[in-house]
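# Survey of secondary and tertiary structure
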Amino acid sequence: MRMLSNATDAFQSYDYPVSAEEIIEGDGDMELELPNGTERLGDALSRSAPETFESAEDAEFAAFSGVSSKAIGRKGYSDRDPVCMGEDGPDEVSF
């Protein structure tokens, strides 16, 4: 996905395995261009549990999983989607 293209390039520069802490220290200030604003890579990675990545692809998946609601379209549009990590969502409603 285009929004993480600069982060994807940065992930390729590390020797794996590498910890999330090391990536945050090296590239945490990198700005991710999201559909509804920007966010620091370090903020996205810090939302996932501290871990060691075995590959650049693992780091990229963690970054995708950790981006905030700035990465989505209309917030609350679907009652089937889980809320973003670190955010409170609407109460579940059963019909």
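Residues numbered from 1 in each chain as written. Predicted model: local features only at pLDDT ≥ 70, side-chain atom pairs only at ≥ 80, totals over all residues. Heavy atoms only, no water.

### Some thoughts on helix 4 (residues 56-66)
- Along helix 4, the positions that sit buried rather than exposed are Ala56, Ala59, Glu60, Ala62, Ala63 and Gly66. Considered in projection along helix 4, the buried side chains sweep an arc of 160° and stay on one side of the axis.
- Those residues of helix 4 that are buried are in contact with helix 1 (5-12), helix 2 (20-27), strand 3 (37-40), helix 3 (41-46) and strand 4 (52-53). (Buried < 20%, exposed > 50% of the residue type's maximum accessible area, 1.4 Å probe, protein only. Helix = DSSP H or I, 4+ residues; strand = E, 2+ residues; numbered from the N terminus. Arc of directions from axis to C-beta. Contact = heavy atoms within 4.5 Å.)

### Topic: the side chain of Glu39
- Its place among the elements puts Glu39 in strand 3.
- Taking relative accessible area as the criterion, Glu39 reaches 6% and is therefore assigned buried.
- Within polar-contact distance, the side chain of Glu39 engages the side chain of Arg47 at 2.3 Å.
- Not counting residues within four places of it along the chain, the set of residues in contact with Glu39 comprises Met30, Glu31, Leu32, Leu34, Ala44, Arg47, Gly66, Val67 and Ser68. (Polar contact = N/O pair within 3.5 Å; in protein donor to acceptor, adjacent residues only side chain to side chain.)

### Considering the nonpolar core
- If you look at the biggest cluster of nonpolar residues, it comprises 21 residues, and the most contacted ones within it are Ala7, Phe11, Ile23, Leu32, Leu41, Leu45 and Phe53.
- Breaking this core down by element, the ones donating at least two residues are helix 1, helix 2, strand 2 (31-34), helix 3 and helix 4.
- Here this core gets 4 residues from one element, more than from any other, and that element is helix 4. (Core = buried A, V, L, I, M, F, W, Y, C linked by side-chain atoms within 4.5 Å.)

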